[in-house]
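Residues per chain are reported as follows:
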Amino acid sequence: MSNEEILVCAVQLGENFCLYFAGLECDAFCQEKTLPQVLRNVNSQLLVVRPDLNMAAFEDVTDQEMKSGNGMHFNIHYYKTTTPSAGMPVAFSIQVEDKSYYMCCEKECGKMIVRFREGEVPKEIPGESNVIFFKKTFTPCSSSAFKFEYSLEQGMFLAFEEEGCLRKLILKKLSREDEVDETTKISCDFHSG
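None of the values given here were measured: they were computed from a predicted structure.

Considering all chains together, one arrives at eight salt bridges under this definition. Where Asp-189 meets Arg-40, a salt bridge forms, and the shortest distance between an N and an O atom there is 2.8 Å. Placement of Asp-189 in strand 15 (residues 186-190) and of Arg-40 in strand 3 (residues 29-40) is noted, with a sequence separation of 149 residues between them. When its relative accessible area of 27% is taken as the criterion, Asp-189 is described as partly exposed. The salt bridge partner of Arg-117 is Glu-106, with a shortest N-O separation of 2.5 Å. Separated by 11 residues along the polypeptide, Arg-117 in strand 9 (residues 111-118) and Glu-106 in strand 8 (residues 99-108) bring together distant segments of the chain. On the accessibility criterion, Glu-106 (23% relative accessible area) is partly exposed.

Quick look at the structure:
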């Protein structure tokens, strides 16, 4: 949300006394490009999605496993937006065996959970969406590492959390946007598929 004032002029009084305005755009996302990438955490572990277990975690991966790429090769979908100040809007999808999945966030037992649902990322999103994240540089001096803020809840970022021997993908609340939390640091490496 912004505090800036915008001058608008009513153009027409329509049916049921609806006012129509000129020169306004609604918030919307339009897919611009898609890049194949792998996602790594601060420990250089790859993000691996396991839809059968309804889980994604950062793991040490061998070169042989990397070549197979099952559950590791993401498509990052970049969107144009009418509100660019929040960061670059992106969505994530992945192919596992012969099925496509997209990343989304859902509330479960009062907590926001990262999920992978079967299906395609939409080309156009007319308003708010639980699949959009804002890609931001991790720190001003770090151009190759990023953090991804959930579009529907300011201050919630993709991160990893250690659970036993796993480093599970989660959403994590940061108290300040400029807070440096290594668990939210994600690098995106190009993958030619």
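Checked against the element boundaries, His-77 lands in strand 6 (residues 74-81). Among the polar contacts listed, one links the side chain of His-77 to the side chain of Thr-34, at a separation of 3.1 Å. Looking at His-77, its side chain comes within polar contact range of the side chain of Ser-93, at 2.6 Å. Non-local contacts of His-77, meaning those with residues more than four positions away in its chain, are made with Gln-31, Lys-33, Thr-34, Pro-89, Val-90, Ala-91, Phe-92, Ser-93 and Val-121.

So, how was this worked out
- Residues numbered from 1 in each chain as written.
- Predicted model: local features only at pLDDT ≥ 70, side-chain atom pairs only at ≥ 80, totals over all residues.
- Heavy atoms only, no water.
- Salt bridge = Lys/Arg side-chain N within 4 Å of Asp/Glu carboxyl O.
- Helix = DSSP H or I, 4+ residues; strand = E, 2+ residues; numbered from the N terminus.
- Buried < 20%, exposed > 50% of the residue type's maximum accessible area, 1.4 Å probe, protein only.
- Polar contact = N/O pair within 3.5 Å; in protein donor to acceptor, adjacent residues only side chain to side chain.
- Contact = heavy atoms within 4.5 Å.

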